[in-house]
Each structure stands twice: as structure tokens, then as C-alpha cells.
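Residue-level listing of the chains:
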Amino acid sequence: MFAFYAITSIGLVWLEAITADLFLKTYTTEGLPWIYIASAGIGSGLSFFYSYLQKFLPLRRVIVIIALLMAAPLLFFWVSLSFENFYLFQLAHFSIAGIEFWRASLAGITVFFMRLWIEAINVLNDLNTSITANQLFNIREIKRTYPLISSGILVADVISGFSLGVLISGVGLNNVVLLSFVMMMLGAGILLYLSQAYQQAFPDFLRKRTAIEEQPSDFSRNRPIQGPLRRYVVLLFAFFILAQVLFLLIDFRFLGALEQQFSSSEGQIAAFLGMFNGFLGILEVAMQWLASSRVIERVGVFAASVVLPGVIALLSALLISSPAWPSQLVTDLSWTQPVFMGIVLLKLLDELLHYTLFASVSPVLFQPIPDSVRSRIQAIVRGIAEPISTGVTGLALLTLSLILKDAQLDWLFPVMLLMALVWILAILLLRARYVNLLVMSAERGQLSQDVDELELRRWVVETLDKPVSEDRKESCIDLLSKVDPKSAGEVLAPHLTKFSPKLQRRGLEAMLLYPNSAYLPQVKTLVELSPPPAVLALALRFVWLTEESPDIRKLRPYLQTEVDPVVRGTAASLMLRRGNPTQKAEATTTLRRMLTHKLERERVMGCRALAEANYLQALRIYIPTLLQDKSLRVRRAILQAIAATHLEEFYPSLLRGLQYKSTREAAMKALMRLDNEAIPMLVKLAEDVQKPDSVRLRAWQTIGLIGSLEALDALISHLMIAWGTNRRNILRILLEMPGDVGIESVLDRMGRSGVEQLIDQELVFIGQLYGALIDLAPDRVRLQEADLLRRALKALQMDAQERIFMLMQFLYPIEAVKAAAFNLQSASRSNVARGLEILDNTLDIPSKRALLSILDGNSDWEKLHSLSEIVGYDPAQPSDRLRRLLELRHFLSDWAIACCFHLARQARWTLTVEQAISCLRHPKGFVREAVLAYLWMASPRAMPKLLPLLQHDPDPLVLDQVQTMLKKMEHSNGAAPLPPNSAGGSHTNL
């Protein structure tokens, strides 16, 4: 892809420079407004044509055809420009004047269409490159690969720029067009190779779209944008429209300056543009690699955004004042020479900053917009702003050129200065609303981490100084603590004494995340003001945790019984942490009184104080009693204390806390506090099949919330061996981890091939299910138990499909996968077709065709046939198929296993001893009940020895069944009637 983009761009840069030279010679700059007007509709028209072409041709052919279409007119342009070398017209009966007229007319038309076709090529090239890259690379890979691919244009600028002058002198101006044609054909050849070598990355076949296009789109995407978000979007429109208009005006004035400077020289404009693009490419590469990210990080997004309009405004003002420049600047040259150099510098800086700083800053401006509408707004702003502004700029230039017919182009400098100042104003207004939207996003839980931290700090400081509502200030503090917690102390410390108690508490909590002794004076001042107990406790903790040599004796007054329990508990915990033996004994006595106090609040605060202490030897004896405390708040608080102080002998209590709804959340937080220390025991709990599924799920969820590398390793290693509900739970936990951490970790650990292997495992399992459904079809087995088993197998098939869709979210855009799954669940055929088409255009896995066939409305036999390359099918008798199913019992659901034994009992089919004994140990009682019912029929002689072993089964259903069977055996003298021998083999003998 890099080679394709670089080679195609080399030809494009050559063609653009040659066309600029010819266009200015033929039409001068007065013809450029017509190009701008015409090009306004080219982008949307060609995008529509690109989409329309895919209705009739596969995408892998469309990209090649578009690449050929980009190059094909260049051959005709070369022939037309080289018309003077052909003497066909001289053989005809035309006068010399007639030949010259047709030659001039044809050359003028050719040059005009060449300039127009460059606009088309730019649109098609970017569209073709982005679509092909998105097909070849998944959403995770594209983040790493597309910067390399897009750098092809920078390399092309350097290579084509420095080679153009040599080519013009070597082969001539017109023949460079032929070389551009050759380069674009080479690019098309590379695309042809890619489309053939990676066919799975492109849709395999076309689907009818008429019904799909008639369906209404998702209502959430069409809801009107209102309020602050609407005003922000309007400013974004202004931002990008002004950027595009100024870009066009500078280009227009630059080409006008080239026309004036090289009006009498053939090919010099193209040669100059080549050198210009070469130097520009070198500067762009250096700027992008070395400076852009550092500048943005150092000065912030909005300060970096002002650089481009600021440079334009400054240079425009200098060029406006050019008539007043001193004569020393002119020397023996005309006064227009320094103006020309100023225009070149303006164009150079505009191109340089536009494709580096401006391109890097632009995506960040969309971050405050909620995720649900961000991509839609971004597409509208970038897709509408540029074409509209291009067309309007062309009309404005054309109108002003007619009005100011005799004026020079220098009237553009005041216009550019004015628009640059308006652009700066728009940036300032954007800055004022940027963090407002970030705060709203944080309040909705939709905050993105990719925000401008420097701008956020500045805005928080300004907001805290303003007379705004307390809730607003609290939201600012919350936002700062989430996005940039390390700088919270720097921002909040000067405002502590001015805050309300509520804000003081929230500010100190944020500062305690990264306590710094540099802010001790402000916090000590707050302590001296005797704030409310909750604030005083936090302030004391900050002071005695950050001070190097604290005077613990000053904490003694806070241990008095009349002091609020919050402050008293904090003082006692600080004494236990940093006091001498005598002070620790005094603190222990205080906490003992609190832990055994009759008031619930005293006991809760005592437990919280334990969590802050490091010395608990004398207080451990109270923990078992507190774990059984009648107060739920106390039990939750002591769980946190156990985790904070790492009391290993009480870790089982944390795990037991996961079993009860009342303490589940507190137990999960406590285990999260243990971090990697909790992972082994959580894994052991999650692997215990005797535990309830809800408890095992909470164990996996807690590991996911820990989120460390060790936790991710535990989840991913079990993902590769888990099945059924366990695999689904782990997949969901990994997908829901913030910042795509789980997804990236899975791809780093397993790779793309590992995820594809898991998908193939699910497809193999689905193939086994289809084989069972065919062999156990209703026309072959007509029993109610068979109907239950068939329904259970179909449920397993749906579960496997759900896991496949979850696995696909690791490789492809989550929104696309979810949209496909949602449509495939519909009863409407058009919606199902929509879902299949989404997958057809998204997937590139080798088993894509088989997966689409399974999801389509085909029969079970057709679906099984589509899986023939993955799983083989051998027709079998129903009894044999049932035994094969039980060989796969580790992959079946509990209910499906029970249905197998019920069917075997009712149909009197034999099963193997190993299958019966293994399932008799199953953790689910209803499975053991089904096995016992089968054995009562299949192996009555074994029941007298077997039933006494099951008289203490923990499941009431099984226990009742065992007692009933024992009574029947007593009434029948211990014998049950023997069933007749079945076709499947002899009776099971246990």
C-alpha cells in the first residue's frame, strides 16, 4: 500500500506541476475560479460514482478500475498536447490558419480538462487508498499501518519534486504527462496484485441493495443536534471552512505570482514547482516526525491551532505593507521581487503547517463530541465544509475579478488578513466551549482520554476563579482528576481555602491521589481554619503523609472521645502508621473502643481507620466479629480494611463476599485493591465448576477490573482453553475493558491468527451441531425428548454464533459487527440482507464464505455443506450420533447433556460406561438426575451398589430421586425390569 500510494502520488505531483504551468500559460489565474466552482461538485459526484459502481462490480475490481480510470485520460492528454508533432491535418485540405486554430483550440480544452481532472484524481486517489487500506487492515492494524501508508505522499513530494526539472529538460514538458501515466499504471498494477493476493479482504459477492436502502437508518444517528453541542459543531464548520478558503486563496495568489514571475519562460513554472515540492516534502517529513507532536504537547491544541492563521495574518500584513518597504530591500531588482518571495514563503508555511500541525490537531477537536455521533459529525463537517467552501471561493473570486478587473491580485492580502483574524476568533470561541463539552461528556460517562491536558488545566483554573455554580466546579475537579491527576495539586491547592466544604473535600481527595509536599502550606492553612470533620480528616492525612518529619504529638488532641469519629479514626490510623510504640499503643486503644462501640458510625469509622494503618497485631482479634456484624456498612468497611492491610488469613472472607449480593460490590473493590495478589485465588474460584455461575462470573469480572498485565494474561490464557459460558464471559470482559486494552492485549498475545483459530473452533462446533440435527431429524427420531434435544442444539448453535460475533469485535470495528448482529436477528429479510452485506464488506477471514452461508437463510444441509472444508460429515445412525455428541460433552451445555440422557432412556439406546460415570459426577443436579434415570433403565443391576453412594447428594432433586428409587427397589426386592437389547450395543454394565 505504501508503494501504491507513493508511486501514484509521484505521477500526480508531476502532473499537477505540469498542468499548473500549462494552465497559467493558457488561461492565467483568471481561469482558476472556474476550476474551483467545477471542482466543488466533483468530490460528491465521484464519491457517488464510486459507491454506485460497487452495485455492479466486486470491490476488488472496483479499486483496480478506479486506478485505471485515474490514469486513462492522461494518455489522451499526452496525445492532445503532442498534436503539433502529428501532420495528419497538414495532409488534409485545410489552410495553415485552420490547422493552427484547431491546434490551439484542442490544446486549450485539453489544459482545462487536465486541471479539472487533477481535482478528480485527488478525490479518487484518497478514496481508493483509504477504502483499500480499510479492507486490507482491520481497525486495530490500521492505527499502526496508515501513518506509514499516508507518508507515501511526503516521499512522493521529495522524489517527484527534485526529479521534475531533470525530466523536463530531458524528455520535454509534454512527455512528463506520459511518465505520469506510466507511474499511475504501475500503481494500478500494484492494486491488481493486492486484490488477487488478498481476495478474502474484499467482498466475495454482490447483494441486492434496493430493499436495504429503503430501510430507515438507526434513529439514534438521525436525532437532531441541539444545545451546546450544536453551537460547537457550527464553530467546527467555521473552523474548517475558513481553513479551506484560506488554503485556496493562498494557492490562487501563489499561482498568480508564478504567472507574473515566469510569464515568458517555457516550463519554468513546472520546474519551480518541482523544486518547491521537493523542499516542502523534506520539511514536512521533518516537521511530522520531529516537531508536530512535541509542539502540541508543549503549547496545547488550541495554541497550536492558532499558529497557522497567525502566520497567515502576519505575512499578509507584511505583504500589504510592501509598497512602504525601504529601497534597501529592492536593490537593483524591481519591488515585486521581495513580494514574490513573501508569497512563496506564505505558500510554503501554509502547506507545511496545513499538512502537519493542522492535520494533527483536527481530530482532537472532535473528541468532546459523544462517541455515538462523533463519526457522523466528523464526516459531515469534513465532507461538506471543503466542497462548499471550494465552490463559494470560486464564485467569490470570479465575482471580485469582474468587479476589480483592472486591479492587481494584491487586493487578496487584506482579504486573507481579515479571514485569518476571523479564523483566530473561531478558534478562541472553540476553546471556550471545548472543555464545557468535555465536562458534559464526563458527566455522561462518555469521556475520551484523548484530550488536550494543557488546555484543560487552564480552563479549570479559569472556571474555579469564576462565580459559577458549585456543581460546575465539582465537575471540573472530577474531570481534572480523571484526565490529569498528577497536576491536580498544582491547580487545586491555591483554591482550597476559598472552596466550600464540599469542594474542599473533593479537592483533597483528588490531591491525595498524588500527594506532594509542595502544597503543604495551603493544606496546613486549611487545617488551622477548623474545617468540617470530613475535610479535616483528609487534610490531616495529606499533611502527615507528605511531611518528612511530622510531629505525631500534635495528633493526640484529635484522639479525644468528643472529636468526630472521622477525625478520630484518621488520627489513630496516622499514629499507627508513623508513631513510636507508646503512640501506637494509644492509637490502638482508641481504635479498640471504636470497633466495639454500640454506635454503627463509630464501628464503620474504626474499620475505615484500620484500612489506613500498618500495625494491626492487637486489633486482628476483632475482625471475625466485625465480619459477622449486623450492620452491612460495617461488613463492607472491614472487607476494605482486610484488603488494605493484606491480612492473608482473611482472604477467604473476601471471596465469600462475592457470593452475596449485599457485599459483592465491596468484595470486588477489596480484591481489586489487592491487585495481582488476588489473581491466583480469583482464577481458582473462577475455575471451580462446583461454584455457582454467578460467583465464577464475578471472579472473572474482578480480574478484568484489576486490569494489570498479569490479569490480562490470566484472562487470555483461559480464553484459549475455555468453552461455552466461560468463554463468553471472558470475551465480554475483555471487550468491555476501557481504552480497548483487552482487545489490544488479545491481539498482542494471540495475534490475528489466534483469534481466527478461535472462530474456526466455533465453526467446527457448529458443524458438529448441524450433523447432529440432520442425523436426529424429526423424520428419523419422533420423540418428545428428541424435540427437547434439537431445541437445545439450536440454542448451542446460537450461543456459538454469539461468541463468533464477539470474537469478530477483536478484529473489526465494533459498531459494524454489532450492526450486523442486530440486523441478522430481525425477522425481516431485508434487514437480514443488510446484516449479511455489512459482514461481506467487513470480514476478511479465510472462513468468511462458510460463516456467511451459516448466517444466511439456508437449510441445515446447505450450511453443513458450506463447512465441508473445516469439518467433515459422516452420516450416522441416531444412536451413534447421540454417543458422538456425548463425546463432545465438555462443549455442550448442561441442559443439552441432560437431554441426551433423557433421549437415550426413552429410545432405549446404549451409552458407554465412561460417558455415564463422567456425567454422573456433573456439578449440575438436573444432569445427574437425567443420568440416574437412564441408568435405572439401562443398568438395573448396578443400582443397588450405586444408589447408597448418592444418598448424601447436595441437590434436593437428586436426593429425592435416589430415595424414590431405593423405595422402588425395596418393594421389588432390589430388581428393576430389564430393557430389551437395543441396536446400539449391549447394556451398560457398571
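Whatever comes next refers back to the structure up there.
The shown structure was predicted, so the numbers you read here are calculated from the model rather than taken from an experiment. (Residues numbered from 1 in each chain as written. Predicted model: local features only at pLDDT ≥ 70, side-chain atom pairs only at ≥ 80, totals over all residues. Heavy atoms only, no water.)

## Things to note about the overall build of the protein chain
Then comes step 1: Along the protein chain, the regular secondary structure elements total 46 helices and zero strands.
Then comes step 2: Taking all 990 residues of the protein chain together, 52% fall into the buried category.
Then comes step 3: When contacts within the protein chain are restricted to residue pairs at least 6 apart in sequence, long-range pairs at least 24 apart make up 74% of them. (Helix = DSSP H or I, 4+ residues; strand = E, 2+ residues; numbered from the N terminus. Buried < 20%, exposed > 50% of the residue type's maximum accessible area, 1.4 Å probe, protein only. Contact = heavy atoms within 4.5 Å.)

## A look at the packing of helix α31 (residues 679-687) against helix α33 (residues 709-719)
Then comes step 1: Orientation of α31 relative to α33, taken along the N-to-C sense of each, is 25°, at an axis distance of 11 Å. In terms of axis orientation, α31 runs roughly parallel to α33. Classified by chirality, the crossing of α33 by α31 is right-handed. When α31 is examined against α33, the residues Ile-679, Val-683 and Glu-687 are found in contact with a partner set consisting of Glu-710, Ala-711, Ala-714 and His-718. (Axes fitted to C-alpha atoms, helices over the stretch in contact; angles between N-to-C directions. Parallel < 35°, antiparallel > 145°, perpendicular 65-115°, else oblique. Left-handed = near helix turned anticlockwise from the far one by under 90°.)

## Here we look at helix α34 (residues 725-736)
Then comes step 1: In this model α34 runs 16 Å from its N-terminal to its C-terminal C-alpha over twelve residues, within 8% of the 16 Å that 1.5 Å per residue would give.
Then comes step 2: Restricting attention to buried positions, one finds in α34 the residues Asn-726, Arg-727, Asn-729, Ile-730, Leu-731, Ile-733, Leu-734 and Leu-735.
Then comes step 3: On the buried face of α34, the contacting elements are α31, α32 (693-706), α33, α35 (741-775) and α36 (784-808). (Expected span 1.5 Å × (residues − 1).)

## Focus: the layout of surface pockets
Then comes step 1: Each pocket or cavity is described by its volume, and for the second largest pocket that value is around 1,100 Å³.
Then comes step 2: If you trace the second largest pocket, you find 38 residues lining it, with Arg-696, Trp-723, His-890, Leu-892 and Asp-894 closest to the centre.
Then comes step 3: Of all the secondary structure elements, the ones that give two or more residues to the lining of the second largest pocket are α32, α34, α35, α36, α42 (894-907) and α43 (913-920).
Then comes step 4: A breakdown of the residues in the lining of the second largest pocket according to their chemical character gives 17 nonpolar, ten polar and eleven charged. (1 Å grid on protein atoms, 1.4 Å probe; cavity = no way out; pocket = protein on both sides within 12 Å on 5 of 7 lines; lining within 4 Å. Points joined across faces, edges and corners; volume = space filled by probe spheres on them. Nonpolar A, V, L, I, M, F, W, Y, C, P; charged D, E, K, R; others polar.)

## As for a nonpolar patch on the surface
Then comes step 1: Nonpolar side chains collect at one region of the surface, where Phe-2, Leu-148, Val-155 and Ile-159 lie side by side and expose about 330 Å² of accessible area between them.
Then comes step 2: Within the fold, Phe-2 resides in helix α1 (residues 2-26).
Then comes step 3: For Phe-2, a relative accessible area of 32% corresponds to the partly exposed category. (Patch = residues over 30% accessible without salt bridge, like charges linked within 9 Å, V, L, I, M, F, W, Y side chains within 5 Å. Areas by Shrake-Rupley, 256 points an atom, 1.4 Å probe, with all protein chains shown as cover. Salt bridge = Lys/Arg side-chain N within 4 Å of Asp/Glu carboxyl O.)

## Comments concerning unusual backbone geometry
Then comes step 1: The residue Ser-530 is not glycine, and still its phi comes out positive at about 55°.
Then comes step 2: Judged by relative accessible area, Ser-530 falls into the exposed class, the value being 58%.
Then comes step 3: With a phi close to 60°, Arg-908 is a non-glycine residue in the positive phi region.
Then comes step 4: Its place among the elements puts Arg-908 in the loop between α42 and α43.
Then comes step 5: The class of Arg-908 is partly exposed, set by a relative accessible area of 36%.

## Quick look at the packing of α34 against α36
Then comes step 1: Contact geometry for α34 and α36: axes closest at 10 Å, N-to-C directions at 25°. When the axes of α34 and α36 are compared, the pair comes out roughly parallel. For the element pair α34 and α36, the recorded crossing hand is left-handed. In this structure, α34 uses Arg-727, Arg-728, Leu-731, Arg-732 and Leu-735 to contact α36, whose residues at the interface are Glu-802, Arg-803, Met-806 and Leu-807.
Then comes step 2: Of the residues in the contact of α34 with α36, the class split is four nonpolar, no polar and five charged.

## Things to note about the pattern of salt bridges
Then comes step 1: With the rule as written, the count across this model stands at 31 salt bridges.
Then comes step 2: For the salt bridge of Glu-762 with Arg-803, the shortest nitrogen-to-oxygen distance reads 2.9 Å. Of this pair, Glu-762 sits in helix α35 while Arg-803 is found in helix α36, placing the two residues 41 residues apart along the sequence. An identical accessibility class is assigned to Glu-762 and Arg-803; each is buried.
Then comes step 3: Residue Arg-883 pairs with Asp-880 through a salt bridge whose shortest N-O separation is 2.5 Å. Of this pair, Arg-883 and Asp-880 both sit in helix α41 (residues 878-887), three residues apart, roughly one helical turn.

## A look at the nonpolar core
Then comes step 1: Judged by nonpolar contacts, the single largest core of 188 residues is most densely connected at Leu-492, Leu-734, Met-808 and Leu-932.
Then comes step 2: With 14 residues, the single largest contributor to this core is α35.
Then comes step 3: Those residues in contact with Met-808 that lie beyond four places of it in its chain are Ile-759, Val-817, Leu-839, Leu-843 and Leu-851. (Core = buried A, V, L, I, M, F, W, Y, C linked by side-chain atoms within 4.5 Å.)

## Looking at the side chain of His-354
Then comes step 1: Residue position: His-354 is located in helix α15 (residues 336-361).
Then comes step 2: The exposure class of His-354 is buried, given its relative accessible area of 11%.
Then comes step 3: Ignoring any residue separated from it by four or fewer positions in sequence, one finds His-354 in contact with Ala-243, Phe-247, Leu-308, Leu-349 and Ala-359.

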